[in-house]
Structures are given as structure tokens and as C-alpha cells.
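Understanding the architecture of this molecule
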Amino acid sequence: MTEDNENQSGDAAQQCGRSWTVSIAVPSSIVDNAQSPELRSYLVGQIARCLVIYNIDEIVVYDEHCIPGFVFEADSSIYFVFANIHYLNSQHT
């Protein structure tokens, strides 16, 4: 393989990426009906697993009962979903 062929194959590899992203919006209330914190965590994990399988690039978690000026507390469902997704997305060593 010559150097020109290697450069062409390298350029083709760089152009293989998508020029668009796939996003999904999930309401934070999806975990409100779970009966325990363990089941809530399991539900968020299963959602994250599905997002990986379907190659979703971005997840948007929204609060259905948004009140202007309201600061989310540590026990709110939106904070719970965000914290679990953030944990699942982090690198573990």
C-alpha cells in the first residue's frame, strides 16, 4: 500500500461520521412511579442502555411541572435522573 492510498483511506475514515445528531427528550416524572430508590436507579439504567443500543447522541431531561425561578432540590426526580445519567456516562476505573 502506498502513502497516497493510506492518506485516501485515512480521509475516508474521517468522513464516515454523521453530520447530524439524534436526541431524545425524557420527562423526569418517568421515575416517579418507581417504588424504591433501587428501582428508580434500575429504570434510569435501562433507559440509558436502550439509548446506547440505538446510538442516541443526546438526552434531554425535562421537568413537566416547571415553575419559573424554582431551584431543583437534591430529592427531586429531575435531579435524580440527571445524577444517575451523569454517573453512568462517567469513566470508571
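The following refers to the structure shown. Only a predicted model underlies this, so the values are computations on that prediction, with no experimental measurement involved.

Considerations on the packing of helix α2 (residues 37-53) against helix α3 (residues 77-89)
Relative orientation of the contacting elements α2 and α3 amounts to 55°, with a least axis distance of 10 Å. In terms of their interaxial angle, α2 and α3 are classed as oblique. The handedness of the crossing between α2 and α3 comes out as right-handed. Here Pro37, Arg40, Ser41, Val44, Gly45 and Ala48 of α2 lie close against α3, whose contacting residues are Ser77, Phe80, Val81, Asn84, Ile85 and Leu88. By residue class, the composition of the contact of α2 with α3 is seven nonpolar, four polar and one charged.

Quick word on the nonpolar core
With five residues, the main nonpolar core is built from Val31, Val44, Phe80, Val81 and Ile85. Sorting elements by how many residues they give to this core places α3 first, with three residues. If sequence neighbours within four positions are ignored, valine 31 has contacts with Arg40, Leu43, Val44, Ser77, Phe80 and Val81.

Side note on the pairing of strand β1 (residues 23-27)
One ladder, built from five bridges, connects β1 with strand β2 (residues 58-62); its direction is parallel. Paired with proline 27 across the two strands is tyrosine 62, which belongs to β2. Each parallel crossover has a hand, and for β1 linked through α2 to β2 it is right-handed.

What counts, and at which threshold
- Residues numbered from 1 in each chain as written.
- Predicted model: local features only at pLDDT ≥ 70, side-chain atom pairs only at ≥ 80, totals over all residues.
- Heavy atoms only, no water.
- Axes fitted to C-alpha atoms, helices over the stretch in contact; angles between N-to-C directions.
- Helix = DSSP H or I, 4+ residues; strand = E, 2+ residues; numbered from the N terminus.
- Parallel < 35°, antiparallel > 145°, perpendicular 65-115°, else oblique.
- Left-handed = near helix turned anticlockwise from the far one by under 90°.
- Contact = heavy atoms within 4.5 Å.
- Nonpolar A, V, L, I, M, F, W, Y, C, P; charged D, E, K, R; others polar.
- Core = buried A, V, L, I, M, F, W, Y, C linked by side-chain atoms within 4.5 Å.
- Buried < 20%, exposed > 50% of the residue type's maximum accessible area, 1.4 Å probe, protein only.
- Pairing = 2+ DSSP bridges.
- Right-handed = clockwise from strand over helix to strand, strands pointing away.

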